[in-house]
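What follows is the residue order along each chain.
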Amino acid sequence: MAGKLDLDPRIVARARALAVRAGQPVVDIARSHTTVSVERAVLRLAGVHGADSDGIPWVNRLVDAVRADVGLGHGVAVPVFHAAAATGVDDLTVLAQKAAAGAVRFDVPEKKAEVTAARRRAKKSAADGLKIVDRRRAERDRLIKRYGDPQQRPWIYLIVATGDIYEDIPQAQAAARAGADVIAVIRSTGQSLLDYVPEGATREGFAGTYATQENFRLMRAALDVTSKELGRYIRLTNYASGLCMPEMAALAGMERLDMMLNDSMYGILFRDINPIRTFVDQRFSRQVHARAGIIINTGEDNYLTTADAVDAAHTVTVSQLLNEFFAHEAGLADWQLGLGHAFEINPDLPESFRMELAHALLAREIFPDAPLKWMPPTKHMTGDVFRGNLLDGFFNLVGALTGQGILLVGMMTEAVVTPWISDRDIALQNVRYVLNGAGNLHEDFVPAPGGFIRNRANQVLGEAIELLERIVDDTLMEAIADGTFGLMKRPATRGKGLDGVAKQDADYYNPVTEALEA
Amino acid sequence: MSIVRPYGDTTGDGMVQLSFTLPIPHDKRAEGAAIQLANKMGMDPALLVHAKPMGDGFTFFVVYGKVSHLVDTEKVQIVERDFPLLSAKEVNAVIKRKLRRRLNVVGACIGTDAHTVGIDAILNLKGIAGEKGLEYYAELSVTNMGAQVSVPELVETAREQKADAVLVSQVVTQRDAHLHNTRAMSAAFREALPAGKRPLLIVGGPRFDELMTADLGVDRIFTRGTTPREVASYLVHALIGSKA
């Protein structure tokens, strides 16, 4: 459906080129640093699992021990595999336990042969971990072939969030039976700021359920049963965000999650996580997602909840272009880019629906091959559930008219209660009516040349280019520090998780990155 | 007129609408059960206008009906908040006009408590329940120290930032840790700073009793369900005086 807005391809190409120029210095920073969470993800792929009696994962204990002895700058792989050989402890989880008890000292071997040997063993372990990820990906392909994809686009994306994984499971299965194609399990409030991944099946969370490897496994297994029952592969979504982004990506790859929320700037802007920490973690996590065949969802919708959805429309476009650049750089293909945007214009504004159409179509035409993620109204949901249901209907109509890839189902009780069973049912009924009733209306929907929608889309693209030019001049790090996005000022020298960042030394070695970049 | 009834389309008709779900499959008995519930709630006659099965063993109902209850508006009791609830815009405007500088807020979880859920919900831009946190307020300057902050660190930071208000969150209540920590905190501020220079001390957490302010030596206690906007409105009320 290209060409409905008559965008000048040279201008679109210019916008992309500017995003590359704005993003490249950040990639350079990401390539020259590592973080505690990147190193922990390496150890998770190398097979370290479980937690101590206080619930602190052994990967945390091991990385902390290595760091105390030799720092992070060499990467943990060589010191860990060297110590494993020197002490004769092959099982790295056992090594972590000994290290935590102070029984192992880590160093970077001086002899070249020892370094080479440690690297070789690290490489083998990392390859074993990635083999699990590859097997999971092949398994997904097989199941999709067997059960099939949803019959319609957009895919219908629904959230569950009880806090208790054993309560989430029947709710997720019921949602799938009612028509959901994608189930997202919202995380417990505050998990993004934990610098470790909790362990095991969990039954209490705050406004969401903890993301743990065991919870991933339980939910995926349950949805496999439901996929079989329904003859439709049900996708599972969680979050690769916050301080443990790289580990979440690794666990998602090993447990066959299908989509991960994975924005390049959300943690910086909305969680006050240090920008360098975020960009380093981001790049690694996206490399893992690329390998695992996971679709990422970016978080542009969030800007529109803080800034005005009309004035800030172009910041969404800019962020989508940056997210696309960072994603491509990390090896993700277009079909894996669930770039976000949202229906958040004040419904009292004249022509608000026309502007929503213009913005949604603009994203569709700039990113023709990405499964765009279309987010429902939240900011202007007031508690008037009747009006809310109408707004959600118009939101669904934009989704149908502009070929969105993933549609997050809006709830009329947004801002009132966590969705009741009846809210979900009414919301899905709304989606089904609109998608079914509108059918292929998008074929007939061609905005008039020189008309409002085309003009508005071109105006937003023009503003996006102006902003990108400013960012290129200023550098992205400075733009973030100045409060360009979502109104928040986030300097690179501040924010949570900064103490977990280290510059890579000349001998830095990371067997996972090496394999993923090969 | 102090006595009123619900209004459908005729004065005094007493008509209301109601929707709910019962955890039973849809059949005639389920419809009867829905009408029975409506009758017990005072709707008589109750007219079942919609019944729809949902998922496994649930049915959704919409019922219209007449209630006979009378409401006396003279007898309505309102629990008044002792400060007006302002919008973010109003909070910013009052600070700008009356304080003529940004209002400084320092927040932390003190002691061994690592639960930043509460303080983050109030301070982080993300906020809670669709409301942005205090970081969103242009006229508030927020320092969020995070978890496991010691009392001396907190006092020092409050002094450095010239804090107008200090927000402390306490979730863990084992052996009354939240009470001990709060008393230690307020005592440290009393010791470190003279009365006029002391910031407004506010604690929050799900298990506090709002009436214990004097006992704990703080200015205000917020409990479960508090939103950033309430805290911001209180700050303006307590530090600047409300509106006008």
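Per an unreviewed UniProt entry, chain B carries the name L-beta-lysine 5,6-aminomutase beta subunit and comes from Actinoplanes palleronii.

Where an unreviewed UniProt entry is consulted, chain A appears under the name L-beta-lysine 5,6-aminomutase alpha subunit, with the organism given as Actinoplanes palleronii.

Q: Now, about the domain arrangement of chain A: what can you tell me, with residues and values included?
A: All names here are of chain A. Under the domain assignment, chain A is made up of domain 1 (33-126) and domain 2 (152-239). In this structure, domain 1 and domain 2 have C-alpha centres spaced 32 Å apart. Facing nine residues of domain 1, the contacting portion of domain 2 comprises four residues. The contact between domain 1 and domain 2 buries some 520 Å² in all, and 46% of this surface belongs to carbon and sulfur atoms. On the surface where domain 1 and domain 2 come into contact, there are one salt bridge. The partner of Arg-40 in a salt bridge is Asp-195, with the nearest N and O atoms 2.8 Å apart. Our count for the domain 1 to domain 2 interface comes out at two residue pairs in polar contact (both at pLDDT 80 or more). For the side of domain 1 that touches domain 2, the element with the highest residue contribution is helix α2 (residues 36-45), accounting for three residues. Split into classes, the residues belonging to the side of domain 1 that touches domain 2 amount to four nonpolar, three polar and two charged.

Q: Which residues make up the interface of chain B and chain A, and what values go with them?
A: In this assembly, 17 residues from chain B lie in contact with 21 residues from chain A. Roughly 1700 Å² is buried in total at the junction of chain B and chain A, and carbon and sulfur atoms are behind 61% of that figure. Per-residue buried area on chain B facing chain A is highest for Val117(B), Leu125(B) and Lys126(B); these three make up 28% of the total on that side. Where chain B packs against chain A, one counts two salt bridges. Here Glu135(B) ties to Arg490(A) by a salt bridge, and the two come within 3.0 Å at their closest N and O atoms.

Cut-offs used in this document
Residues numbered from 1 in each chain as written. Chains lettered and ligands numbered in written order. Predicted model: local features only at pLDDT ≥ 70, side-chain atom pairs only at ≥ 80, totals over all residues. Heavy atoms only, no water. Domains from an automatic or database assignment. Contact = heavy atoms within 4.5 Å. Buried area = accessible area lost by both parts, 1.4 Å probe. Salt bridge = Lys/Arg side-chain N within 4 Å of Asp/Glu carboxyl O. Polar contact = N/O pair within 3.5 Å; in protein donor to acceptor, adjacent residues only side chain to side chain. Helix = DSSP H or I, 4+ residues; strand = E, 2+ residues; numbered from the N terminus. Nonpolar A, V, L, I, M, F, W, Y, C, P; charged D, E, K, R; others polar.

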